Amino acid sequence: MNHAALHFVRSLLFLPASNSRAIEKARSLSADLVVLDLEDAVKPEDKASARRAAIEAVSQGFEGRLVAIRMNALGSPWFGEDVVALRHCKASLVVMPKIETRKQIHDADRLLSRPVLAMVETPAGVLAAAEIAHDAAALVAGVNDLSAGLRIPAGSGRAGLAHSLQAIVLAARAQGIPAFDGVCNALDDLDVLEAECREGRSYGFDGKSLIHPSQVETTNRLFGPSEEEIAEAERLIAAASGGAERFEGRMIEALHVEQAEALLARAHR
Ligand SMILES: CC(C)(COP(=O)(O)OP(=O)(O)OC[C@H]1O[C@@H](n2cnc3c(N)ncnc32)[C@H](O)[C@@H]1OP(=O)(O)O)[C@@H](O)C(=O)NCCC(=O)NCCSC(=O)C[C@H](O)C(=O)O
Ligand SMILES: [Mg+2]
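This structure is a prediction, so every number in the text was calculated from the model and none was measured.

(A) Inspection of the site of ligand 1 at higher detail. As a matter of local geometry, ligand 1 sits amid 26 residues, with Leu15, Ala22, Ala41, Gly142 and Asn144 nearest to it. Breaking the shell around ligand 1 down by element, the ones donating at least two residues are strand E1 (11-16), helix H1 (20-27) and helix H7 (143-150). Of the residues contributing to the shell around ligand 1, the split by class is 14 nonpolar, six polar and six charged.

(B) Highlighting the domain arrangement of the chain. Segmentation of the chain into domains returns domain 1 (4-223) and domain 2 (227-268). The straight-line distance from the C-alpha centre of domain 1 to that of domain 2 is 32 Å.

(C) Seen up close, the pairing of E1. By the criterion of burial, E1 is predominantly enclosed, with six of the six residues buried. Here E1 shows a buried face lined by Ser11, Leu13 and Leu15 and a second buried face lined by Leu12, Phe14 and Pro16. Taken together, the three bridges between E1 and strand E8 (residues 207-210) define a ladder with parallel strand orientation. Bridged to Leu12 within E8 is Ser209. Across five bridges, E1 lies against strand E2 (residues 33-37) in parallel orientation. Bridging from a neighbouring strand, Leu15 pairs with Leu36 of E2. Handedness of the crossover joining E1 and E2 through H1: right-handed.

So, how was this worked out
- Residue positions are counted from 1 within each chain, in the order its sequence is given.
- Labels follow written order: the first chain is A, the first ligand is 1, and so on.
- Residue-level local features of this predicted model are given only where pLDDT is at least 70; pairs of side-chain atoms are given and counted only at 80 or more, and the full residue set underlies all totals for whole chains, interfaces and linings.
- As used in this record, a residue near a molecule or strand is one whose C-beta atom, placed from the backbone, is within 6 Å of it.
- Strands here are runs of E lasting at least two residues and helices are runs of H or I lasting at least four, both read from the DSSP assignment and numbered beginning at the N terminus.
- Under the convention adopted here, Pro, Cys and the residues Ala, Val, Leu, Ile, Met, Phe, Trp and Tyr are nonpolar, Asp, Glu, Lys and Arg are charged, and Gly plus all remaining residues are polar.
- Where a domain begins and ends is set by an automatic assignment or by a domain database.
- Labels follow a simple rule on C-beta atoms placed from the backbone: if 20 or more others lie within 10 Å of a residue's own, it is buried; if 12 or fewer, it is exposed; otherwise it is partly exposed.
- We treat two strands as partners when DSSP finds at least two bridges between them.
- Look down the strands so they point away from you; if the path from the first strand over the helix to the second goes clockwise, the crossover is right-handed.

This is the structure:
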């Protein structure tokens with residue numbers, strides 16, 4: 001399912017819907033999409049109050065920015081009540097964790113009547129990503145669950161995730177939907193975040209999932225076109241005359257003009 005505004009999202013800020021201060025803080029931040037979490041960030045005893053808080057928060061609006069609610073997983077004790085509550089709430093988007101089949105998204109889409117972002121965060125989910133992407137509004141990598149599922153030792157970096165992350169981008173691109181990288185757990189080291197943003201963008205991700213306000217600026221900057229990229233795109237469009245030709249020491253064709261135009265549209269947005 002296509003949801004146009006999602007194509008311009010660089011930053012998805014997750015926060016526990018049980019944390020009222022974080023909800024208030026998120027209203028003043030420049031995250032492109034705020035995700036109010038009902039799943040892993042919320043303790044079992046707080047699930048019901050977090051659900052009420054999330055619904056109340058979206059009913060108040062979010063200063064014009066996109067807002068989603070991440071439900072509890074299918075098969076969890078809270079899924080049914082989440083569905084009932086979300087059906088009538090004002091969240092424009094829903095995030096579903098631990099998706100492993102296309103049917104799960106298809107059914108949820110019908111039940112909830114709004115676009116569903118599918119989190120791909122299990123080995124089975126990665127293997128089914130190409131199918132899931134048919135009915136999802138976007139794919140979101142869940143790197144914490146995926147690392148656990150793949151038995152990647154803690155602290156060993158993202159090398160072991162590369163194949164899965166690239167499979168997620170490939171699946172999303174094949175269906176023309178956005179793909180978002182997973183979170184960076186390092187809260188106090190923006191160099192680690194910056195390296196992850198650069199790597200994620202080099203894989204083709206459109207943006208990244210975040211867990212703290214301090215991560216928003218870096219992510220928006222690195223997933224948005226830079227001044228240099230914008231200037232180069234403008235020069236390329238001005239110089240291009242049709243087929244294959246030389247431009248600043250490299251070969252360009254019509255597809256490079258299309259890429260430059262897409263980059264300028266993203267920058268303008
Ligand atoms: C990680 C945290 C628990 C850290 O909390 P804490 O140390 O208390 O934060 P600070 O004191 O630095 O907070 C400063 C102020 O900023 C607000 N804040 C903190 N985090 C957020 C946020 N995410 N969004 C908005 N505002 C936030 C605090 O309220 C403070 O405000 P104030 O009191 O007014 O000064 C915490 O950052 C946190 O809970 N982060 C989000 C965790 C989360 O949502 N996790 C679930 C998604 S991640 C995931 O699992 C993805 C996937 O499923 C996977 O498997 O990978
Ligand atoms: Mg997860």
